[in-house]
Amino acid sequence: MVFDGHSDLLYDVTRRRLAGETHVLEHRHLSRLRQGGVEGLVLALWYGRGQGQTFWEGVPGCEDPSYRLEVMLQCAQAEFAECPWLAVVSTAGEAEAARAEGKFYAFLAVEGMEGLHGPEDLDRLASLGVRLGMLTWNEDNRFAAGAAQNSAKGLTSLGRQVLQRMEDLGMLIDVSHLNDGGFRDVLRLAQGPVVASHSNCRALCPHPRNLTDDQLRAIRDSGGVVGLNVHHSFVHQDPEKQTAQTLALHAAHMAEVMGVEHVACGFDFCEFMGPGNDGARGLEDCGGIPNLFQALAQLGLSPAERDQIARGNLLRIFQGV
């Protein structure tokens, strides 16, 4: 069974609910989640407008990121009310209890903070159950710079305040979309474990969203984890090698550099967002997750090691929040 540390399903929930659909998770995604062996998710509130046309373009008021965040929160809460099979949880203990009851569990995350004005806005998100936060998506905002921006720019003064408030609230810090300068600042300032929920290895695929070996070791030293990402462009530069088997090599490299206890899943399936968001071959959607674990077995990882990657390592991190 698998705990996916990064899921954009709330994007699909929001766009479909705004178009009049209900029960989106159940009707559109539940069967594939079961096929993939998923037991739990980190559901990200990604309310960015992206780098191309998105459904937000037709939503009045969408120019305001705070408004987009509020709309997504409202759609998520309405959706959860229709999902008796899903428990929104805040701790690893609550997740295990939900699993024992035969339910899926979900933690909430905020993917980028362009819709926040300062650290005080985090209090409301925490009260709504958000347990993990990213200062940026790929944009440059008042707190930090994303991976697509100037790699030398670090956290702003306000960003450092937000980082402190996150730790005060018990909210995990996620560096997956930060640029290198912001990454250095976070790892220097953070007092607890830091995660990269959906990033791969730059040594195997030199994409700015992937992590260098030094960055992997820094996350290890913080006590954190790195989640494997299926997005084709983060797996390999050669389209012929964008496969589940190559992603398994990322896992093996992480295990060699950090130790297997710091490798997790953060698959970032987003095929429902349209062309350009394809997963690697064999991992086109969450129903293909068993293909990755078969590849890990072929590389010689033991059942216990595969279970650590599948669920145990990330759940351990949530024990402390």
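Residues numbered from 1 in each chain as written. Predicted model: local features only at pLDDT ≥ 70, side-chain atom pairs only at ≥ 80, totals over all residues. Heavy atoms only, no water.

### Observations regarding the packing of aromatic side chains
For the coordinates displayed, the defined rule picks out 11 aromatic pairs. Judged by centre distance (5.0 Å) and plane angle (70°), the rings of Tyr-11 and Phe-55 are edge-to-face. Of this pair, Tyr-11 sits in helix α1 (residues 9–18) while Phe-55 sits in the loop between β2 (38–45) and α3 (65–80), and the two are 44 residues apart along the sequence. Each member of the pair, Tyr-11 as well as Phe-55, carries the same accessibility label: buried. Through successive ring pairs, a cluster of aromatic residues spans Tyr-11, Trp-46, Phe-55, Trp-56 and Trp-137. (Phe/Tyr/Trp six-rings, centres within 6.5 Å; stacked < 30°, edge-to-face > 60°. Helix = DSSP H or I, 4+ residues; strand = E, 2+ residues; numbered from the N terminus. Buried < 20%, exposed > 50% of the residue type's maximum accessible area, 1.4 Å probe, protein only.)

### As for the packing of helix α7 (residues 180–189) against helix α8 (residues 213–222)
Interaxial distance between α7 and α8 falls to 11 Å at its minimum, and their mutual angle equals 25°. Considering their axes alone, α7 and α8 lie roughly parallel with respect to each other. Along this stretch, α7 crosses α8, giving a crossing that reads as left-handed. In this structure, α7 uses Asp-180, Phe-183 and Leu-187 to contact α8, whose residues at the interface are Gln-215, Ala-218, Ile-219 and Ser-222. In terms of residue class, the contact of α7 with α8 is built from 4 nonpolar, 2 polar and 1 charged. (Axes fitted to C-alpha atoms, helices over the stretch in contact; angles between N-to-C directions. Parallel < 35°, antiparallel > 145°, perpendicular 65-115°, else oblique. Left-handed = near helix turned anticlockwise from the far one by under 90°. Contact = heavy atoms within 4.5 Å. Nonpolar A, V, L, I, M, F, W, Y, C, P; charged D, E, K, R; others polar.)

### Re the packing of α1 against helix α2 (residues 24–35)
Helix-helix packing: each pair is described by the crossing angle between the helix axes and the interaxial distance. α2 packs onto α1 with a crossing angle of 150° between their chain directions and a minimal axis gap of 10 Å. When the axis of α1 is compared with that of α2, the two are roughly antiparallel. Judged by the sense of rotation from one axis to the other, the crossing of α1 with α2 is right-handed. Two secondary-structure elements touch here, α1 through Leu-9, Asp-12, Val-13, Arg-16 and Arg-17 and α2 through Val-24, Leu-25, Arg-28, His-29 and Leu-33. In terms of residue class, the contact of α1 with α2 is built from 5 nonpolar, 1 polar and 4 charged.

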